Amino acid sequence: MTLTQLKQRSLLGLKELGKEEIESILERAAYWEQHPVKVHQDMQGKFAANMFFENSTRTRFSFEVAEKRLGAEVINFAAAASSVAKGESIYDTVRTLESMGIDVGIIRLKPNGVLAELASSIKVPLINAGDGNNEHPTQALLDLYTMRKQFGSLNGLNVSIVGDILHSRVARSNLYALRKFGANVSFCAPSNMQATELDAPYVSIDEAMKADVVMMLRVQLERHESGMLSSAESYREQFGLTVERAQTLAKHAIIMHPAPINRNVEIDDELVEHPQSRIFPQMENGVPIRMAVIERALS
Ligand code: CP
């Protein structure tokens, strides 16, 4: 296999990925969802390394479950318990694992731009598990999968993404992918959490509630400069999905959130497991989506 073919199995983002490629990942995820045998042997003898340089629960563990369900050998790397704590660079760390013979690297990074640089010098396929505020492709794939399961088609679907757009790789990947499928995406955010470089209209919170899908985003305090959030209470009042606002949603509308959740800030506690919420089904859908992405990288 040529280096170019190996690279084509990487998944760095959805901006550059064709609609047909996305479609085939969604179809393959549906296949895995319909084949609930706990452990398959398809990827036996392959090594997958989960390299998380930033904290994670859902992405990290659903990749591990997906790899194990495919029968792959799993190596988990946590930056805090590695030689990164002694100052080793991200490049040297990834090259080290590559030199040991891994077949795919799943990688989450805090700084923007490092993943693209790594992908140009690392030979094994790399899968983006969260890249600064740039892209989070597997999250958006599982979001599209969840929406398709609910509505059948994404064409013409109205999707509001509400919250900390500026710091959100989830908003970016969803925007890029949903547009390819003919969905109408609008954003709603406080003026200091808007990403003006992204080509999507900003609407009021009342307007955002009229969509078929209302996707709430976490306020990413760890990425904020001081003073971006005056108070959790005022944010909730102005931009939160409160019980009162949820009463204005259409009966067919669904509530989504990539999680982790700041309960009673961007979404009221009572709404997290509301009948219209798909927050935990999103997490469930993350496993077949990541099985499809790992299989694409390894097969
Ligand atoms: N949605 C998501 O990426 O969650 P984690 O940060 O827990 O992986």
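Caption draft 1: Focus on the pairing of strand 7 (residues 213–216). Burial of strand 7 is two-sided: the residues Val213 and Met215 facing one way and the residues Val214 and Met216 facing the other way are all buried. Bridge count between strand 5 (residues 158–162) and strand 7: 4 bridges; the pairing is parallel. Bridge assignment links serine 160 to a residue of strand 7, and that residue is valine 214. For strand 7 and strand 8 (residues 254–256), the ladder comprises 3 bridges, and the chain directions are parallel. Bridge assignment links methionine 215 to a residue of strand 8, and that residue is methionine 256.

Caption draft 2: Layout of the packing of aromatic side chains. Applying the stated criterion across every chain, the model contains 4 aromatic pairs. Summarising the aromatic geometry, the rings of phenylalanine 53 and phenylalanine 77 are spaced 5.1 Å apart at their centres and angled 50° between planes, so their arrangement reads as tilted. With phenylalanine 53 in the loop between strand 1 (47–52) and helix 3 (58–69) and phenylalanine 77 in strand 2 (residues 73–78), this pair connects stretches of sequence that are 24 residues apart. Summarising the burial analysis for this pair, phenylalanine 53 and phenylalanine 77 share the class buried. Here the aromatic rings of tyrosine 235 and phenylalanine 239 are separated by 5.9 Å at their centres, their planes lie at 35°, and the arrangement is tilted. Of this pair, tyrosine 235 and phenylalanine 239 both sit in helix 9 (residues 232–239), 4 residues apart, which is roughly one turn of the helix.

Caption draft 3: Just the pattern of salt bridges, in detail. All chains considered together, the criterion is met by 14 salt bridges. Across the pair glutamate 64 and arginine 60 runs a salt bridge whose closest N-O atoms are separated by 2.6 Å. Separated by 4 residues within a single helix, glutamate 64 and arginine 60 lie in helix 3, roughly one turn from each other. Look at glutamate 64 and you get buried, because its relative accessible area is 12%. The buried category is assigned to arginine 60, whose relative accessible area is 17%.

Caption draft 4: Quick peek at the sheet that holds strand 5. Across the sheet, 4 strands lie side by side as 6-5-7-8; this open sheet has parallel pairing. The sheet is open, and its two borders are formed by strand 6 (184–188) and strand 8, each paired with just one other strand. Ignoring strand direction, the axes of neighbouring strands in this sheet form an average angle of 20°. Along the sheet, helix 6 (residues 137–151) contacts strand 5, strand 7 and strand 8; its crossing angle with strand 8, the most-contacted strand, is approximately 170°. Packing of helix 7 (residues 169–180) onto the sheet brings it into contact with strand 5, strand 6 and strand 7, and relative to strand 6 it is tilted by some 155°.

Caption draft 5: Main features of the environment of glutamate 237. Among the secondary structure elements, glutamate 237 is positioned in helix 9. With relative accessibility at 56%, the residue glutamate 237 sits in the exposed group. Residues glutamate 237 and valine 74, 163 residues apart in the sequence, show an inter-C-alpha distance of 44 Å.

Caption draft 6: Spatial organisation of helix 4 (residues 90–99). Among the residues of helix 4, those classed as buried are Thr93, Val94, Leu97 and Glu98. Taken end-on, helix 4 shows its buried residues confined to a sector of 135°, consistent with a single buried face. Looking at the buried residues of helix 4, the elements they touch are strand 1, strand 2, strand 3 (104–109) and helix 5 (114–121). Note on helix 4: the residue one or two positions beyond its end, glycine 101, has a positive phi of about 100°.

Caption draft 7: Region of the structure containing the site of the ligand. Taken together, Ser56, Thr57, Arg58, Thr59, Arg108, His136, Gln139, Pro258, Ala259 and Pro260 form the complete shell of residues around the ligand. A distance of 2.8 Å is found between an oxygen atom of the ligand and a backbone nitrogen or oxygen belonging to threonine 57. When the free accessible area of the ligand is taken as 250 Å², the share hidden by the protein chains comes to 91%. Here the shell around the ligand is built from residues that sort into 3 nonpolar, 5 polar and 2 charged. Residue-level mapping places the shell around the ligand at the junction of two domains, with at least three residues from each of domain 1 (3–137 + 284–298) and domain 2 (138–278).

Caption draft 8: Just the domain arrangement of the protein chain, in detail. On domain assignment, one finds that the protein chain holds domain 1 (3–137 + 284–298) and domain 2 (138–278). Centre-to-centre separation of domain 1 and domain 2, based on C-alpha positions: 25 Å. On the domain 2 side, the residues contacting the 36 residues of domain 1 number 25 residues. Overall, the association of domain 1 and domain 2 removes approximately 2,600 Å² of surface from exposure, summing both partners, and the carbon and sulfur fraction of that is 56%. Contact with domain 2 buries area across many residues of domain 1, yet Leu26, Asn133 and His136 alone supply 23% of it, more than any other trio. In this assembly, domain 1 and domain 2 are joined by 4 salt bridges. Note that glutamate 54 and arginine 169 form a salt bridge whose closest N and O atoms lie 2.9 Å from each other. Between the two partners, domain 1 and domain 2, sit 22 residue pairs in polar contact (both at pLDDT 80 or more). Along the lines of polarity and charge, the residues of the side of domain 1 that touches domain 2 split into 14 nonpolar, 9 polar and 13 charged.

Cut-offs and rules
- Residues numbered from 1 in each chain as written.
- Predicted model: local features only at pLDDT ≥ 70, side-chain atom pairs only at ≥ 80, totals over all residues.
- Heavy atoms only, no water.
- Buried < 20%, exposed > 50% of the residue type's maximum accessible area, 1.4 Å probe, protein only.
- Helix = DSSP H or I, 4+ residues; strand = E, 2+ residues; numbered from the N terminus.
- Pairing = 2+ DSSP bridges.
- Phe/Tyr/Trp six-rings, centres within 6.5 Å; stacked < 30°, edge-to-face > 60°.
- Salt bridge = Lys/Arg side-chain N within 4 Å of Asp/Glu carboxyl O.
- Axes fitted to C-alpha atoms, helices over the stretch in contact; angles between N-to-C directions.
- Contact = heavy atoms within 4.5 Å.
- Arc of directions from axis to C-beta.
- Near = heavy atom within 4 Å.
- Polar contact = N/O pair within 3.5 Å; in protein donor to acceptor, adjacent residues only side chain to side chain.
- Areas by Shrake-Rupley, 256 points an atom, 1.4 Å probe, with all protein chains shown as cover.
- Nonpolar A, V, L, I, M, F, W, Y, C, P; charged D, E, K, R; others polar.
- Domains from an automatic or database assignment.
- Buried area = accessible area lost by both parts, 1.4 Å probe.

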